[in-house]
Structures are given as C-alpha cells and as structure tokens.
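# Architecture and fold: a report
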Amino acid sequence: MILKALKTNKLLTINYQNNGFVQTVKGYIQNLNLLEQTLLLKDENQHVRSLRLSSIIRIFIDKKKKRLRDNYTNQPLEAAK
C-alpha cells in the first residue's frame, strides 16, 4: 500500500516518527532505495530529506495538479492562454 503511494509524481504529505515524535513533511519523491529501505524526499524549498520506510506512519497524496515552476528562477509559470 505504501509503495503504491510512493510511485506517484504528486505532492505527498508524509507523517513519520523521529525520536519518538510524529513529524510531517511535504514534498516529491526523488529516490526510493528498497535495499537500504530509505526514501529521499525533495520539499518545495528544494531541500532533500532522507526517511526510513519503517518510520512512515501515514502518506497523503495531494489531489491538486502540480504547479509548474521555472527551473532557473523557481517561480511559478504563467498558464498558457
């Protein structure tokens, strides 16, 4: 069930456990390593975070369309008219 959610290219909200506390992170999957059982998640500020699959409690998939951003300025692109 978790692996099915991880193969999407949508914005994910993941609740995970870290040192006994539940934390939340939003981002896009950058890499999934099944041998090491880790997940690399890139957030909206382009920071990469590593999570252990065993620490994941819940995954939410954002139903909205992904907003396209300019690779150079990282600003949202205008909709084509």
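The text that follows walks through the structure, step by step, so that each part is easy to find. None of the values given here were measured: they were computed from a predicted structure.

Parameters at a glance
Residues numbered from 1 in each chain as written. Predicted model: local features only at pLDDT ≥ 70, side-chain atom pairs only at ≥ 80, totals over all residues. Heavy atoms only, no water. Helix = DSSP H or I, 4+ residues; strand = E, 2+ residues; numbered from the N terminus. Buried < 20%, exposed > 50% of the residue type's maximum accessible area, 1.4 Å probe, protein only. Contact = heavy atoms within 4.5 Å. Pairing = 2+ DSSP bridges. Axes fitted to C-alpha atoms, helices over the stretch in contact; angles between N-to-C directions.

Mapped onto the elements, T13 comes out in strand β1 (residues 12-18). Using a relative accessible area of 17% as the deciding quantity, one classes T13 as buried. Discounting residues that sit within four places of it in the chain, T13 has contacts with T24, V25, K26, R58, I59 and F60.

The next subject is the sheet that holds β1. Strands in a sheet are paired, the pairing made by backbone hydrogen bonds, and the direction either parallel or antiparallel. Read across the open sheet, the 5 strands follow the order β4-β3-β2-β1-β5; overall the sheet is antiparallel. Both edges of this open sheet fall to β4 (48-52) and β5 (56-61), since each of them pairs with a single strand only. Along the sheet, successive strands turn relative to each other by an average axial angle of 45°, direction set aside. Relative to β4, strand β3 (residues 38-42) runs antiparallel, the two being bridged by 5 bridges. Within the sheet, the bridge partner assigned to K42 lies in β4 and is V48.

A word on the side chain of T38. Summarising the element assignment, T38 is placed in strand β3. If sequence neighbours within four positions are ignored, T38 has contacts with N31, L32, N33, S50, L51, R52 and L53.

All right, on to the pairing of β1 then. With 5 of its 7 residues buried, β1 lies for the most part within the structure. Hairpin remark: β1 followed by strand β2 (residues 21-33), antiparallel, with 2 residues in the connecting loop; positive phi at N19, about 55°. When β1 meets β5, the two strands line up antiparallel, connected through 5 bridges. Looking at β5, one finds that N15 is bridged to R58.

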